[in-house]
Amino acid sequence: MFQKFHNICNITNFTRLKTLNPFISFSGSFHLESQNPLSTLAPENAHDNVGIFWDLDNKPPISVPPFEAAIKLKKSISSFGAVRYMVAYANSHAFSYVPQVVREQRKERKLLNQLENKGVIKPAEPYLCRVCGRRFYTNEKLVNHFKQIHEREQKKRLNQIESARGKRRVHLVAKYSVKMEKYKRAARDVVTPKVGYGLADELKRAGFWVRTVSDKPQAADVALRDHMVDMMDKRRVECLVLVSDDSDFVEVLKEAKLRCLKTVVVGDINDGALKRVADAGFCWRDILMGKAKKEALSVVGKWKDQDILKRLEWTYNPEVEKNAYDWDDDESEDADIDNIAGANDAQCMQKEDSGAWWELESSDVDETS
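Quick caveat: nothing in here was measured; it's all calculated off a predicted structure. (Residues numbered from 1 in each chain as written. Predicted model: local features only at pLDDT ≥ 70, side-chain atom pairs only at ≥ 80, totals over all residues. Heavy atoms only, no water.)

Caption draft 1: Spotlight on the overall build of the chain. Secondary structure assignment for the chain yields 16 helices and eight strands. Within the chain, buried positions represent 33% of all 369 residues. Of all intrachain contacts in the chain linking residues separated by at least 6 positions in sequence, the fraction that spans at least 24 positions is 64%. Of the roughly 25,600 Å² of accessible surface on the chain, a fraction of 54% belongs to carbon and sulfur atoms. (Helix = DSSP H or I, 4+ residues; strand = E, 2+ residues; numbered from the N terminus. Buried < 20%, exposed > 50% of the residue type's maximum accessible area, 1.4 Å probe, protein only. Contact = heavy atoms within 4.5 Å. Areas by Shrake-Rupley, 256 points an atom, 1.4 Å probe, with all protein chains shown as cover.)

Next up, the structure:
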């Protein structure tokens, strides 16, 4: 009985808050809607909306960490408009592959660990554990401490959350949220990923919607192409940004231009097929150095001038012209032409009765003579 009374009180309090603040009623749905780029509800105003479509199979970030590359890419593309959609597609091999730069960094770190253990090299500052604050004079001791203590604690938290249900699970998630986030931040610098180099997690942290496709050839290209066409059909973006050098996307860019969409390509091939079709093209060096953000302003200025010229172009519309000049039907026009022709014939007949047109009337002097 007491439980029923408690539930009734909660319902009445929620309805009271809902009437006082109507934003509460749709705040949860708006949060879910913003996270799903494949939502059926299109934005009311798609003007200046930008969508970034990243082909990770063809153009993965190699020389720069994935999170830094994604953040700089978003900042550069934001000059074209509001970045609403960021999508990345790849197969499992792209996420498990480790670039040569990362391999060299791991070898150097392993060599430094060996020298630190032998006492040949001493770090300028001790290694700090970002979870508990303890300090260590070798990197291997920090890694062992992190795995033996903090990694075990993280697994216990996850097991408790997975085994709990209902209200208790919500309570545990709220209780451990700060500790779990703190562990994730520290683990990025201490623990080496077992698979790949954390490409998918880093891109998700930067705000990208990452999807893994099957390992069949061209599977990522097909999925990315279908997603771009779906966005064009629903008219959700006005500027389409493609991060790739694959010439298979030429037809998609041509289709976007036929639909009067702006197109931008980010790739390392300067004279590639994609950059010849697109309105603007940048390389990774321009993105990382910030040069693309400055050049984007001039590109946007050209687009605005083209839009103004299109508005000033004259197009013939029969209905508008007819209403403006009050033209009659074809029958009335034919009747007016017949009346004008009849009047001209009558005047000609009168002139023939009076005499030939070449004969001049004699003057009074000639008559008297």
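Alright, that's what it looks like, and here's the rest.
Caption draft 2: Seen up close, a nonpolar patch on the surface. A cluster of nonpolar side chains, namely Leu112, Val120 and Ile121, defines an oily patch on the protein surface of about 240 Å² accessible area. Mapped onto the secondary structure, Leu112 falls in helix H5 (residues 100–118). (Patch = residues over 30% accessible without salt bridge, like charges linked within 9 Å, V, L, I, M, F, W, Y side chains within 5 Å. Salt bridge = Lys/Arg side-chain N within 4 Å of Asp/Glu carboxyl O.)

Caption draft 3: Structural context of the environment of Val299. Positionally, Val299 belongs in helix H13 (residues 291–312). Look at Val299 and you get buried, because its relative accessible area is 15%. Along the sequence, Val299 and Ala280 sit 19 residues apart, while their C-alpha atoms lie 7.3 Å from each other. Here Val299 is in contact with Phe80 and Ala280, once residues within four sequence places are set aside.

Caption draft 4: How the structure looks around the confidence of the model for the chain. Looking at the chain as a whole, its pLDDT mean stands at 77, while 71% of the residues score no less than 70. Averaged pLDDT values for the elements of the chain fall to 37 in helix H2 (residues 23–35) and rise to 94 in strand E4 (residues 135–136). Contacts for the low-pLDDT stretch residues 1–6, under 50 throughout, to residues beyond four places or in other chains number zero contacts. (pLDDT = per-residue confidence, 0-100.)

Caption draft 5: Local environment of the sheet that holds strand E7 (residues 262–266). The parallel open sheet is built from six strands, whose spatial order is E5-E2-E1-E6-E7-E8. Every interior strand has two partners, whereas the edge strands, strand E5 (209–213) and strand E8 (280–282), have only one. Direction aside, the axes of adjacent strands within the sheet are offset by 20° on average. Along the sheet, helix H3 (residues 66–77) makes contact with strand E1 (49–55), strand E2 (82–91), strand E6 (239–243) and E7, crossing E1 at roughly 145°. Contacting E1, E2, E5 and E6, helix H9 (residues 219–233) crosses the sheet at an angle of about 170° to E1. (Pairing = 2+ DSSP bridges. Axes fitted to C-alpha atoms, helices over the stretch in contact; angles between N-to-C directions.)

Caption draft 6: Examining the pattern of salt bridges more closely. All chains considered together, the criterion is met by 15 salt bridges. In this structure, the salt-bridge partner of Arg235 is Glu238, at a minimum N-O distance of 3.4 Å. Arg259 serves as the salt-bridge partner of Glu255, at 3.0 Å between the closest nitrogen and oxygen. Connected through salt bridges with shared partners, the residues Lys59, Asp245 and Asp268 form a single ionic network.

Caption draft 7: Focus on H9. The end-to-end C-alpha separation of H9 is 21 Å, in line with the 21 Å expected for 15 residues at 1.5 Å each. What H9 keeps buried is the set Ala219, Ala220, Asp221, Ala223, Leu224, His227, Met228, Met231 and Met232. (Expected span 1.5 Å × (residues − 1).)

Caption draft 8: Region of interest: helix H7 (residues 167–190). For H7, spanning 24 residues, the distance from its first C-alpha to its last is 34 Å, which sits close to the expected 34 Å at 1.5 Å a residue. The largest bend along H7 measures about 50° and falls at Tyr176. Summarising the contacts, the buried residues of H7 are in contact with helix H6 (139–163). (Bend = angle between axes of the 7 residues up to and from the residue.)

Caption draft 9: Quick look at the side chain of His145. Take His145: it is sitting in helix H6. The residues contacting His145, other than those within four sequence positions of it, are Cys129, Cys132, Arg134, Phe136 and His150.

Caption draft 10: Structural context of the side chain of Glu116. Within the secondary structure layout, Glu116 lies in helix H5. Among the polar contacts listed, one links the side chain of Glu116 to the side chain of Tyr127, at a separation of 2.6 Å. A polar atom in the side chain of Glu116 sits 3.2 Å from the backbone nitrogen of Asn139. Not counting the four nearest positions on each side in its chain, Glu116 is found in contact with Arg109, Ile121, Pro123, Tyr127, Thr138 and Asn139. (Polar contact = N/O pair within 3.5 Å; in protein donor to acceptor, adjacent residues only side chain to side chain.)

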